[in-house]
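Secondary and tertiary structure notes
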Amino acid sequence: MSSIKEDASHVSNGEEGDLKKLDTAHGDEAIKVLAAYDGDQTWTPEEENKLRNKIDMKLLPVLCITYAFLYADKVLLGQAALFGIKDDLQLNSGNRFSMASSIFYLGFILGAYPVTVLAQRFPIERVASLAIIVWGTTLIVTPACTNFRGLYAQRFFLGFTEAGISPIFMMIVGGWYKKDEQSLRMGAWYSCTGYVSIFSPLVNYALGHLGGAFSPWFYMYFLAGGLTILCGVLIYFVLPSDPIRAKGFNDRERFIAVSRMRTNNSGVRNTHFKGSQAIELLTDIKFWLIFFYALCGMFANAPISTFQAIIIDGFGFNPLNSLLLMIPSGVYAGTMMLITTYLAYKFPGWRAYLVIMSQLVTMTAAIMLWLLPRSELGALLFACYILTTTGAGYAVTMGLFLANNAGYTKRSLASSGLYIGYSLGNFAGPQVFRHEDSPHYNLGFIVVVITAIIAGLLVLVYRIICSMENRRRDKMGTLEGFEHAYEDDLTDNMSLPIPRGPHSPDYLPNWEGDVASKPKFYYAASS
């Protein structure tokens, strides 16, 4: 670590310390921090652990609370279905309710990339704050809808405004944490999709008892929307966006926070969009394997996020008890996400296998819900609960995918690309849970069985390809290195030639050596 200062000075086009002349168009903005720091260039493991704990305390509560609101808003339609929204907005006819659920993810698909690009170009906390406030405003006006068409429009724009939050969170985690730390932190905030399901049914149970001029589902949207708007305002002030600009850190802490991230070979922040990195992502087979894994794996989310309350209601329980019976599902889902991401943290070589295991459990649950007689209430409820294991696999995948994409533009686009696959699966999933098949939904569960198997196989192929690529890079005879991690903003694909012309968008003026001497990047799917 003693060479960090010298490495930072390589990118200066003038005198050392002249921060205005640092090349942040091709390199990462982290070099500003490295070049400006004049203190001790080394640190102890204890000092780094103390700093990481401080980062956890500042960052994770914000991510967890915000994501809890996001998921509570997603599942609200399914809970509101028990309290009159289907009758009030003519959703009982044909496939209208399924379409109302699906169209949210159409907006999600169209909104993911624009918001991600804005988050790269402008301060992330401002983009996130504005998106959350608009999303909360869109949510709170849901009771203004008078028919299913109005709800379709509202759900589309709700998805559009929520779309960037998850990719932004992935970008933030990727800027604060090293590869081996990311999965557990992903699991921390993603587990809130489960744990919020402990509290939201209780809140909506209470709102379901309210009388007055409005239907109970009106109050559900008023409360959820109001809290979301408040969350958006607070995000502007409390979200630590990246170690370069975040408040509450002294110069040494900021230096260590930035310097330790060199081992990711992926940068901390770069506001310049690089087209070559986008092309590389789109031509990378590993991206498409995870993209289609997300698409197939999220078919199982339809009976979780939208139809779970309706399915449990179909077992013979009344609406209020159906809400309460969703609580164990939230406990199980959140706990499984924490367990699998913790195992991924402790045993990095298990990550792909943990995802595959999650798909096997999801497949088993779908088979039970498809084939068990309606008289087996205990087994059916158990199957409803363990069906949520698909979320545990997805939580591991987010950390794995983030760790395996380097280059700031490529990593940013990979994050939003993953959520487009996620959204396509969530868009298609409700369409196979047809109104005429209720309450058994045999067709829907057959499709979930098939897609869970496909998702598991795709992750297995992904692991094989990553292992083969790591072995190939071992044969190159070079060591994984991080000396130019910030100034060159390299991607994980180390076999690409380096454009040498000074007018090339990816020209690396400070690179010494040929392609064969470039430092390796190890993929995190295998040990």
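Here we summarise the structure given alongside this text. (Residues numbered from 1 in each chain as written. Predicted model: local features only at pLDDT ≥ 70, side-chain atom pairs only at ≥ 80, totals over all residues. Heavy atoms only, no water.)

Topic: the environment of F299
Applicable threshold: Put simply, DSSP H or I for four residues or longer makes a helix, DSSP E for two residues or longer makes a strand, and each gets a number counted from the N terminus. Contacts were defined at the residue level, with two residues in contact if any of their heavy atoms lie within 4.5 Å.
Relative to the elements of secondary structure, F299 occurs in the loop between α14 (285-297) and α15 (302-306). C-alpha separation for the pair F299 and T390, spaced 91 residues apart in sequence, amounts to 9.6 Å. When sequence neighbours within four positions are dropped, the list of residues in contact with F299 reads G425, A428, G429, F433, V447, V448 and T451.

Considerations on the side chain of T193
How we decide: Each residue is assigned to one of three classes by its accessible area relative to the maximum for its type, calculated with a 1.4 Å probe on protein chains only: buried under 20%, partly exposed between the two thresholds, exposed over 50%. Here a polar contact means two N or O atoms within 3.5 Å. Within protein one must be a hydrogen donor candidate and the other an acceptor candidate, and residues neighboring in sequence count only if both atoms are side-chain atoms.
Note that T193 resides in helix α10 (residues 192-207). Residue classification places T193 among the buried residues on the basis of a relative accessible area of 6%. Among the polar contacts listed, one links the side chain of T193 to the backbone oxygen of Y190, at a separation of 2.7 Å.

What to know about the environment of T341
Note on placement: T341 falls in helix α18 (residues 327-346). Between the C-alpha atoms of T341 and G399, which are 58 residues apart in sequence, the distance is 8.5 Å. Once residues within four sequence positions are removed from consideration, T341 is found in contact with S183, L184, G187, A395 and V396. Separated by 3.2 Å, the side chain of T341 and the backbone oxygen of L338 make a polar contact.

Examining the environment of Y105
Among the secondary structure elements, Y105 is positioned in helix α5 (residues 96-121). Considering only alpha carbons, one finds Y105 and F427, 322 residues apart in sequence, at a separation of 5.3 Å. Each residue touching Y105, except ones within four places of it in the same chain, is listed here: K74, N301, S305, Y422, S423, N426 and F427.

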